Amino acid sequence: MAKKDAKPMNDKFDNNGLISDLSNVLKQGPEWLLEKRRVSRDSFNNSPLPPRGLHLWRYTDPQKFINVSSTATDSATVGKQPSQINSDLSESDIPKGVIISSLSDAVENHRDIVEPHLYQLINSDTGKFEAQNGALWDNGLFIFVPSGVTINKPLHFQHVSSNAGSNNYPRLLIVVGDNAELSVIDEHLGAENNSDAPYYSNGAVEIFGYENSSVRYANLQEHSAKVHTFFTHRARLGRGANMLTATMSLGGLLSKQNYGVILDGDGAESNMYGLAFGSGHQHLDCHTLQHHRSSQTNSNIDFKVVLRDRAESAYTGLIRIEKEARNCEAYQINRNLLLNKGARAETIPELEILNEDVRCSHGATTGQIDPMERFYLEARGIDPSEAVRIIVAGFAESTLRHIPAEFRQGLQDAVAQKLKAM
Amino acid sequence: MNPKPLLDIEDIHVEVEGKEIVRGITLKIFPGETHAIMGRNGSGKSSLSNALMGHPSYQITHGKASLNGQNLLDLSADKRSRAGLFLAFQYPMAIPGVTVANFLRAAIKARRGPEADMSDFRKLFKKEMDALAIDHSFATRYLNDGFSGGEKKRVEILQMAMLQPTMALLDETDSGLDIDALKTVSEGINRFRSDDTGVLMVTHYQRLLNYVKPQHVHVMINGRLVKSGGPELALKLEERGYDWVEEELSRSTGA
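Residues numbered from 1 in each chain as written. Chains lettered and ligands numbered in written order. Predicted model: local features only at pLDDT ≥ 70, side-chain atom pairs only at ≥ 80, totals over all residues. Heavy atoms only, no water.

Chemist: Looking at this structure, how should I read the overall build of chain B?
Modeler: On a plain count of helices and strands, chain B comes out with 9 helices and 10 strands. Here the C-alpha atoms of chain B give a radius of gyration of 18 Å, agreeing with the 18 Å that 2.2 N^0.38 yields for 255 residues. For the C-alpha atoms alone, the extent of chain B along its principal axes is close to 65 × 40 × 40 Å. When each of the 255 residues of chain B is scored for burial, the buried share is 51%. Counting only contacts in chain B whose residues sit at least 6 apart along the sequence, the fraction spanning at least 24 positions is 69%. (Helix = DSSP H or I, 4+ residues; strand = E, 2+ residues; numbered from the N terminus. Rg over C-alpha atoms; globule rule 2.2 N^0.38 Å. Buried < 20%, exposed > 50% of the residue type's maximum accessible area, 1.4 Å probe, protein only. Contact = heavy atoms within 4.5 Å.)

See the structure below:
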């Protein structure tokens, strides 16, 4: 690993960017968890950087995450949680048996549920930076919805990087029982008071939707301008389970997100709608995985990208259908809208289909705003910049409509804000 | 009598991709008047209306055009619209993700200003949809996205009714309409007509003119208005086609 000139300021890492000190996170928690953390640490320290030849890392340099994670300071410590639950849910909205808790409390108090799920979908085998989160996660949340229980209002988690310049390793574990229903908004916000400070965020989200459950998960990435963020999401669906995933990526200087759904029971269905909007010199990298392991499973991804200025994006989407997964349908579409010359969008679809009994398609388009669409709006008296705003809002609508209504306006405003001063 | 023309165009020439399509048109439309320009496909009728609206593919290379005394050619398309010009498109664009209601709200806001009271919008919108027999579900449908030809034309006229321009250019508004839709759309156009407004219909069929009766009919051939008359001219064109106009034209220029 390359040596760096700058002396690390971060006491968790040594000069080579390896995790040297786990004492903070090893102070707390049961032995089974500490062992997981040690294994993760060793995996992170001993594994090479991901090869750039893989599609997953073709457009984003992993060394950048090593550099920033070992130089920016951490101030979040275990037990001091920058994440908070922001919800208008009152006690009476939370049905009996539902658990909403910090993950560090949950490993102590709900080991029977947590241990069989935590690290099951995202662990040191997933990748080097997933192992980094596995070793260092420090502000986690845990949600459990028992079988047959429905929470009617969306649950809202807000991860605010309250200390400017501090690294954070959020981790979310969601377990939804048979026939249960849950809607979650997972919002990652930058520090408002010092938006120029660089920091690093490495998050992991594991979601389990058991038989015939219905889960809606929305991820809103609104980090501040100089953040490097790495994020991995994996959801596993049981028989007949249904999952809706909506993702908005607006912030950060370097953002690499990886969303994956594993259809692991017959008849499971996943729909995913993503929007990334890059401006300035942002680099937004997103990978999606549709992994069919059972028969009669359906998955659909509609991923959109808007870019302006010198922003760049990379979308890689993998559809994998296992040999034993019969009669599946999988669709993927990636549309990229470039608002000016100088912005650049890359797209790579990948198919790994191991049986022939499937219906599957993928497609990608990259283009600019159709001048005829713009003229149509202008011919109705709408000024040119407002016409662009309306067309982009229309482009974003296919994702926004899947986000709970109470959050939509804020996101539309955030999109409008990004279009200002064009 | 108001002696000032509403739309005043003088020796307008229009190029598309470097080719001259409209080759010197002069036309005055006074308040309260309805004119029709008839001609075959390719005669330049649509190019004239698109160019007047400010379509980026149509360049006006020569001539003058004003609306209520205001020079249109200095204005961008959005300003021409706000000045009172309206074009009902022959092929309206689909704008995915933008609902008819949100689009119209934005267009009306653009006229009234960002702080304007919009509390009457819903009522007005419903009223005009009802008048054009447009199902209310269209309010939340994406603009022209998956609409049939007839639905698109109705929604064009809906926009005209909502935006209340002073001068409407209607480009082949009758095409793609069945007889019931033609009647509904014509009624919409007739409601728009008043002593203060002007209408220019561009069409190559007479049938719309049975319902929306123009005072003046012009024949366009090869980018020029070659003959003008009253409503009887449209009937004659319907009956005898355009050949006799061409023959007349070649006789007069050949002589």
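Chemist: When you look at unusual backbone geometry in this model, what are you seeing that I'm missing?
Modeler: Leaving glycine out, the prevailing phi sign among residues is negative, and the prevailing peptide bond configuration is trans. Even without being a glycine, Asn179 of chain A presents a positive backbone phi close to 55°. Position of Asn179 of chain A relative to the elements: it lies in the loop between strand S5 (170-176) and strand S6 (181-189).

Chemist: I keep staring at the interface of chain B and chain A and nothing clicks. Help me out?
Modeler: It is common to give the size of an interface as the accessible area lost on bringing the parts into contact. Each partner contributes to the interface: chain B provides 32 residues, whereas chain A provides 19 residues. Both sides of the chain B and chain A interface together cover about 1900 Å² of buried area, and 70% of this is carbon and sulfur. Summed over the shared surface of chain B and chain A, the number is 1 salt bridge. A salt bridge links Arg380 of chain A to Glu156 of chain B; the nearest nitrogen and oxygen atoms lie 2.6 Å apart. Counting the contacts that link chain B with chain A gives 11 residue pairs in polar contact (both at pLDDT 80 or more). (Buried area = accessible area lost by both parts, 1.4 Å probe. Salt bridge = Lys/Arg side-chain N within 4 Å of Asp/Glu carboxyl O. Polar contact = N/O pair within 3.5 Å; in protein donor to acceptor, adjacent residues only side chain to side chain.)

Chemist: What exactly am I supposed to notice about the packing of aromatic side chains here?
Modeler: Each aromatic ring pair is described using two quantities: the centre-to-centre distance and the angle formed by the ring planes. Residue and element names in this part refer to chain A. Going through the model one piece at a time under the given rule, you end up with 16 aromatic pairs over all chains. Consider the rings of Phe65 and Tyr200, whose centres lie 6.1 Å apart with planes at 45°: the pair is tilted. On the criterion of sequence distance, the pair formed by Phe65 in helix H3 (residues 63-71) and Tyr200 in strand S7 (residues 200-209) is long-range, its members being 135 residues apart. Here Phe65 matches Tyr200 in class, with each residue buried. Each ring, one from Phe231 and one from Tyr259, has its centre 5.5 Å from the other, and the planes form 50°; the classification is tilted. Separated by 28 residues along the polypeptide, Phe231 in strand S9 (residues 228-237) and Tyr259 in strand S11 (residues 254-263) bring together distant segments of the chain. Lying over the aromatic face of Trp57, Lys256 brings its terminal NZ or CZ to 4.7 Å of the ring centre. (Phe/Tyr/Trp six-rings, centres within 6.5 Å; stacked < 30°, edge-to-face > 60°. Lys NZ or Arg CZ within 6 Å of the ring centre and 35° of its normal.)

Chemist: How do you make sense of the pattern of salt bridges when you look at a structure like this?
Modeler: Any two side chains of opposite charge can pair, given that their charged atoms come close. Residue and element names in this part refer to chain A. Tallying each qualifying case throughout the model produces 27 salt bridges over all chains. Between Arg38 and Glu35 there is a salt bridge, with the nearest N and O atoms lying 2.8 Å from each other. Of this pair, Arg38 and Glu35 both sit in helix H2 (residues 31-46), separated by 3 residues, roughly a single helical turn. A relative accessible area of 39% places Glu35 in the partly exposed class. The closest approach of N and O atoms between Asp264 and Arg293, which form a salt bridge, is 3.2 Å. Here Arg293 lies in the loop between strand S13 (283-292) and strand S14 (298-307) and Asp264 lies in the loop between S11 and strand S12 (269-278), a separation of 29 residues in the sequence. We classify Asp264 as partly exposed; its relative accessible area is 29%.

Chemist: Is there a simple way to think about the side chain of Glu378 of chain A in this case?
Modeler: Within the secondary structure, Glu378 of chain A is located in helix H7 (residues 371-378). Using a relative accessible area of 11% as the deciding quantity, one classes Glu378 of chain A as buried. Sequence-distant contacts of Glu378 of chain A, defined by excluding residues within four places in its chain, comprise Pro384 and Ala387 of chain A together with Ala77, Asp78 and Ser81 of chain B.

Chemist: Got a minute to help me understand the environment of Leu377 of chain A in this structure?
Modeler: As for its placement among the helices and strands, Leu377 of chain A is situated in helix H7. The spatial distance from the C-alpha of Leu377 of chain A to the C-alpha of Thr150 of chain A is 43 Å, given a sequence separation of 227 residues.

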